[in-house]
Structures are given as C-alpha cells and as structure tokens.
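Structural description and commentary
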Amino acid sequence: MTVTAAVSLVPAGLFSLASGIRFLECFTPAGYDHAADGILRLAFPADDSTSVVAAAVRQEAGTGGGTGTVRAEFTVHPAAPAPAEAATAEAADDEAVRAQLARILSLDVDGTGFPALAADPVVAGLMADYPGLRPVCFYSPYEAAAWAVIGNRIRVAQAAVFKARIARRHGQGVHIAGQTLYAFPTPAVLRTITHVPGLTDIKIQRLHALAEAALDGQLDAARLRALPSDYALAELRSLPGIGPFSAELVLIRGAGHPDVFPRHEPRVHRAIATAYGLDGPAAADVSGLAEIADRWRPYRSWIATLLRTRAAEGTAMPVPHGSGPGRARWAAEPAITRAAPR
C-alpha cells in the first residue's frame, strides 16, 4: 500500500529552495525541467532500497527576512514490480523519508556557522551571488554511484539520456503535484536488468555490483559520513567502476558530506586557482589548493560546489586584492549554462 504524509524541515542557517531549484535546472544528471511554480518535485528510491518516494517540496516565506520553513508532502510507494524478497517489506517510515529529504537538500547540516566564512573575500562573493544555495545532492550514494558508472567515458548529456531511459523503462512512474516523474530503479530492480541500449556489458555488470552493495548496506549514507573521509573514500574505491573522482562524487554529492575537499576534481581546482589569482605551479599544486580550502572548514564541500557552479556558468571569478574582506573585483554575471560532473 502507499503511504502519504507531510513533514516540516526547519533550516539551521540561510537556505533558499528557489536557489536549489535553479541549481537543479542546470545540473544535467538531475534532468530537472518542471513547472516554474516554486515546487520542487522529486521521485527517488528510498534509503530502504525497496520503496519509492514521490515528494513535493515547498518553502514558506520567512518572517522579517528570515529563512522560511520547508514543507514536504510525500507518498511512499512499494517497489513496482516488487521483487520476491521485498514483497513483504514495510514501506519506508516518515522519519526515514524526512531524513533522506533533509540530506538531499543539505538541510541535515547546521549552516549557522556558514556566514562566518565571508571573512574570505572569495567566499563572501560566492555567498552574495548565490544567496541561500546549499548543495542539492543525488538522492542517495547508490544513485550517485550508478550515475558515475553510467557516465564513465561518455558525454554528460549522453549519460543523462541513458539514466532517464533506465528510469522510464525500469523505474516507477509516480504522480507529483500534477506531473509524472520516473524514479531510478531500486537496487533490487536494477540488479535484474540485463540490457540497456547503448550501455556496455561491463557497465551493466558494474551496476549489478552497485545494486548488491546498496542492498548489503555498503552505500548507506549515514555510515559513509560517520567514517573518517579517507576511510569512506577507500571503501568506495573498492566498488567496481568507482575510481578516485567517482568516490568523491559519491561521498560529497551522494552521501551529502559537507566537509570534504575534492582532491580529484580538476574543475574545482581550476576554479580555486582562478578565484584566488593563482597561476603556474601554484595553480596545479593540489596540496596548496587543499590548504586554501582548509579555511572553509567545516563547509569545504559547500564552497567547492559554489565555485564549481560559478565556473560552469562561465563567469569570471573574483580576484581578491587589498587586505580587507569584500574588496574584490567582480565581472558581470551571464546567463546560466548547464553544469554537471565529469
């Protein structure tokens, strides 16, 4: 049976759902192209690996210029077609769905300390340009890992087509606030897929392995975030098809870890070098870039996402000069273009 409920999420610190929606519209893996009505529509496998969640998320207007409460109405559907071993499984409970929604929107992180990072002029400029934007994550480490395998060595737009095709053919269609969305298949369903037009046999095998890993609890977001990040990344790299870059993607954008420096993301490295006016050897020195990122603790993932977003838009980055915060040159901001991971 389906279960319908509503939950409230009270952001700790600044948060803008509208900024998150705009971010998704420019994030190719999300394939987000919904009505411009301020409602975030989501369809995804629940963390229990058997249910599918359909959610409509809205944000109330804040009082006195404050951050408004986020409210989500959701329906939990049993997996369809239901695999035999999951036929009697209970649907994900309200609190589990609430926790997953909070993680997807980075609302499970206390952001009240984030404004203090504005002492860095580069960070201050990012906050000004993207007010209230927190990383909008993949629905789960499982789905982030699947994206990494699907997208390996092909163009991002092509990978997005394959992922959408898998969802439409093998996932569950759900109705959300007047629209129909297709969730990516649950792990139990994904491991039964034997052919996807355009995907190689090795990718199918790797997707099966990821499905098994998810069912075994290896891709549990809370567990990955509780581990020291080096340990979590090493575990992720042991999965078929998950290299250093993909492991960071799964931990940062899948599990929603707020404080990891992406050592294997060249686009972020270039964005840091541009933002801080580095060139030559300094621009390519990952250890030096990591030292700069140490200023952003405990929100290194968040700042890296903002830098990557700005770089993807093609906007000239600020080059700090002078000694005081906020003294930086800014170029005019052009229209947003699509951004996606490697």
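I will try to describe carefully the structure that is included in this document. Everything quoted here is computed from the prediction, not taken from an experiment.

1. Let's talk about the overall build of the protein
Within the protein, the secondary structure is distributed over 14 helices and eight strands. Taking all 342 residues of the protein together, 52% fall into the buried category. Long-range pairs, those at least 24 residues apart, make up 66% of the contacts in the protein with a sequence separation of at least 6. As presented, the protein carries roughly 14,900 Å² of accessible surface, and 53% of it is formed by carbon and sulfur atoms.

2. Some words on unusual backbone geometry
Peptide bonds are mostly trans, and most non-glycine residues show a negative phi. Note the cis peptide between Arg297 and Pro298, where omega equals 0°. Positive phi values are uncommon outside glycine, yet Arg153 reaches one of about 65°. Mapped onto the fold, Arg153 is located in the loop between helix 4 (141-150) and helix 5 (156-170). The class of Arg153 is exposed, set by a relative accessible area of 81%. Although it is not a glycine, Ala177 sits at a positive phi angle of roughly 45°. By the element assignment, Ala177 lies in the loop between strand 5 (173-176) and strand 6 (179-182). Ala177 sits in the partly exposed class, given a relative accessible area of 39%.

3. Some details on the packing of helix 4 against helix 7 (residues 201-215)
Each pair of packed helices gets described by two things: the angle between the helix axes and the distance between those axes. Where helix 4 meets helix 7, the axes come as close as 10 Å, and the angle between the chain directions of the two elements is 170°. Our classification of the angle between helix 4 and helix 7 gives roughly antiparallel. On helix 7, the residues touching Tyr142, Ala145, Ala146, Val149 and Ile150 of helix 4 are Lys203, Arg206, Leu207, Leu210, Ala211 and Ala214. Tallied by class, the residues present in the contact of helix 4 with helix 7 amount to nine nonpolar, no polar and two charged.

4. Regarding helix 9 (residues 229-237)
Listed as buried for helix 9 are Ala232, Leu233 and Leu236. Taken down its axis, helix 9 places every buried residue within 95° of arc, on the same side. Exposed and oriented more than 90 degrees from the buried face of helix 9 are Asp230 and Tyr231. Residues of helix 9 that are buried in the fold lie against helix 8 (221-226) and helix 10 (244-254).

5. Topic: the packing of aromatic side chains
Scanning all chains against the criterion turns up five aromatic pairs. With a centroid separation of 4.9 Å and an interplanar angle of 25°, the aromatic rings of Phe44 and Tyr139 are classed as stacked. Here Tyr139 lies in the loop between helix 3 (121-129) and helix 4 and Phe44 lies in strand 2 (residues 40-45), a separation of 95 residues in the sequence. Comparing Phe44 with Tyr139, the two get one shared label, buried. Pairing Tyr299 with Trp302 gives two aromatic rings, centres 5.1 Å apart and planes at 40°, and the pair type is tilted. Of the two residues examined, Tyr299 and Trp302, each falls in the buried class. Three or more aromatic residues link up through ring pairs in this structure, and these residues are Phe114, Tyr299 and Trp302.

6. Some details on the pattern of salt bridges
Counting across every chain of the model gives 15 salt bridges. The salt bridge involving Arg41 is made with Asp37; its shortest N-O contact spans 2.6 Å. Across the salt bridge formed by Arg297 and Asp294, the nearest N and O atoms sit 3.3 Å from each other. By relative accessible area, which is 44% here, Arg297 ends up partly exposed. On the basis of relative accessible area, Asp294 is assigned to the partly exposed category, the value being 35%.

7. Structural notes on the packing of helix 4 against helix 10
Taken N-terminus to C-terminus, the directions of helix 4 and helix 10 make an angle of 145°; their axes are 9 Å apart at the nearest point. Taken as a pair, helix 4 and helix 10 cross one another with a handedness that is right-handed. Of the residues in helix 10, those in contact with Pro141, Ala144, Ala145, Trp147 and Ala148 of helix 4 are Ser246, Leu249, Val250 and Gly254. Classifying every residue of the contact of helix 4 with helix 10 by side-chain character gives seven nonpolar, two polar and no charged.

Calculation criteria
- Residue positions within a chain follow its written sequence, with the count starting from 1.
- The predicted origin of the model limits local features to residues at a pLDDT of at least 70 and limits the giving and counting of side-chain atom pairs to 80 or more, whereas totals for whole chains, interfaces and linings rest on all residues.
- By convention in this description, side-chain values take in all heavy atoms of the structure and omit both hydrogens and water.
- The numbering of helices and of strands both runs from the N terminus, where a helix is a DSSP run of H or I of at least 4 residues and a strand a run of E of at least 2.
- Accessibility here uses a 1.4 Å probe with only protein chains present; expressed as a share of the type maximum, an area under 20% marks a residue as buried, one over 50% as exposed, and anything in between as partly exposed.
- Contact criterion: two residues are considered in contact whenever any of their non-hydrogen atoms come within 4.5 Å of each other.
- To be clear on the numbers: accessible area is Shrake-Rupley with a 1.4 Å probe, and residue cover counts the displayed protein chains and nothing else.
- Convention adopted: a line fitted to C-alpha atoms gives each axis, helices being fitted over their contacting stretch, and angles between N-to-C directions are expressed from 0 to 180 degrees.
- Roughly parallel covers angles under 35 degrees, roughly antiparallel covers those over 145, roughly perpendicular covers 65 to 115, and oblique covers all other angles.
- Charged residues are taken to be Asp, Glu, Lys and Arg, nonpolar residues to be Ala, Val, Leu, Ile, Met, Phe, Trp, Tyr, Cys and Pro, and polar residues to be all remaining types, Gly included.
- By arc we mean the arc of the directions from the helix axis to the C-beta atoms, nothing more.
- When two rings of Phe, Tyr or Trp (its six-membered ring) have centres within 6.5 Å they constitute a pair, described as stacked for plane angles under 30 degrees, edge-to-face for angles over 60, and tilted for the intermediate range.
- We define a salt bridge as a contact between a side-chain nitrogen of Lys or Arg and a carboxyl oxygen of Asp or Glu at a distance within 4 Å.
- Crossings are assigned a handedness: left-handed for a near helix turned anticlockwise from the far helix by less than a right angle, right-handed for a clockwise turn.

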